[in-house]
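Chain and residue survey
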Amino acid sequence: MTAEDIYRHIKASQNGQDWHHKNCFGCGPENKRGLHASFPFHEPSGEVRFTWTIDKDFEGAPGYAHGGALATLLDESQGVLCFHLGHFVMTDQLYMRYYKACPLGEELEVRCWVTMVRRRRLYTKGTVHLKKTGELLLSSKARWYDMPDRVFSRMFQGTAFPVDIILKVLEENQKRGKEIRKRLKKEKLRSE
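The text that follows walks through the structure, step by step, so that each part is easy to find. Treat the numbers as computed from the prediction; the structure is a model and nothing was measured. (Residues numbered from 1 in each chain as written. Predicted model: local features only at pLDDT ≥ 70, side-chain atom pairs only at ≥ 80, totals over all residues. Heavy atoms only, no water.)

On to the pairing of strand 6 (residues 136-146). Judged from the nine bridges that link them, strand 3 (residues 89-98) and strand 6 form a sheet pairing that is antiparallel. Bridge pairing links Y95 to K141 in strand 6. As judged from the nine bridges shared by strand 5 (residues 121-130) and strand 6, these two strands associate in the antiparallel manner. Within the sheet, the bridge partner assigned to V128 lies in strand 6 and is L138. Hairpin connection between strand 5 and strand 6: a loop of five residues separates the two successive antiparallel strands, and G134 in this loop has a positive phi of roughly 80°. (Pairing = 2+ DSSP bridges. Helix = DSSP H or I, 4+ residues; strand = E, 2+ residues; numbered from the N terminus.)

So this is what it looks like as structure tokens:
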């Protein structure tokens, strides 16, 4: 397959594992101590949404998830969301609010969305609900620094994913993000 063929088949990312390295603590399938979440993109809403179960490896108090593991889950979910919308980011600030202890072995519903974009900063929110009751367990707000291509290129140089291909995926993600913003804006205007 030629380089042209490869570029012709590049599509917008659908989950964190589409572009991230295999040892990532959040999504890496080869990280024995990682979360192994996929962080799928929900195109109709422009959000990251998924169901996930936290296992005993991430226990804090007996029978409950460790707060740091939950913070990692929401940090990674919101960061991958930014990538799905065409931004390579690094966490600038992460604020967590824990409402109730999160039980191990229960299905959780994770949802993250962008609230604002200003210059080189993105702002996101995320929530985790207990699936069987809908009860809010924790929420998060984050501020992200949108990394310049040169920094991104330096970080990913020599990894399993060629930098030029990841940049092409980011381009496709940016196109998709613009289309989603336009569509959501029209839907909001119609509903008012």
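Positive phi, close to 55°, is recorded for F39, a residue that is not glycine. Within the secondary structure, F39 is located in the loop between helix 1 (3-8) and strand 1 (41-42). In this model, R119 sits at a positive phi of 50°, which is unusual for a non-glycine residue.

It is worth spelling out the pairing of strand 4 (residues 107-118) at this point. Pairing of strand 2 (residues 47-53) with strand 4, which is carried by six bridges, proceeds in the antiparallel orientation. Bridging from a neighbouring strand, V48 pairs with C112 of strand 4. Summarising the sheet, strand 4 and strand 5 pair through 10 bridges and their orientation is antiparallel. Paired with L108 across the bridge in strand 5 is L130. The antiparallel pairing of strand 4 with strand 5 creates a hairpin that spans two residues between the two strands, and R119 there sits at a positive phi of about 50°.

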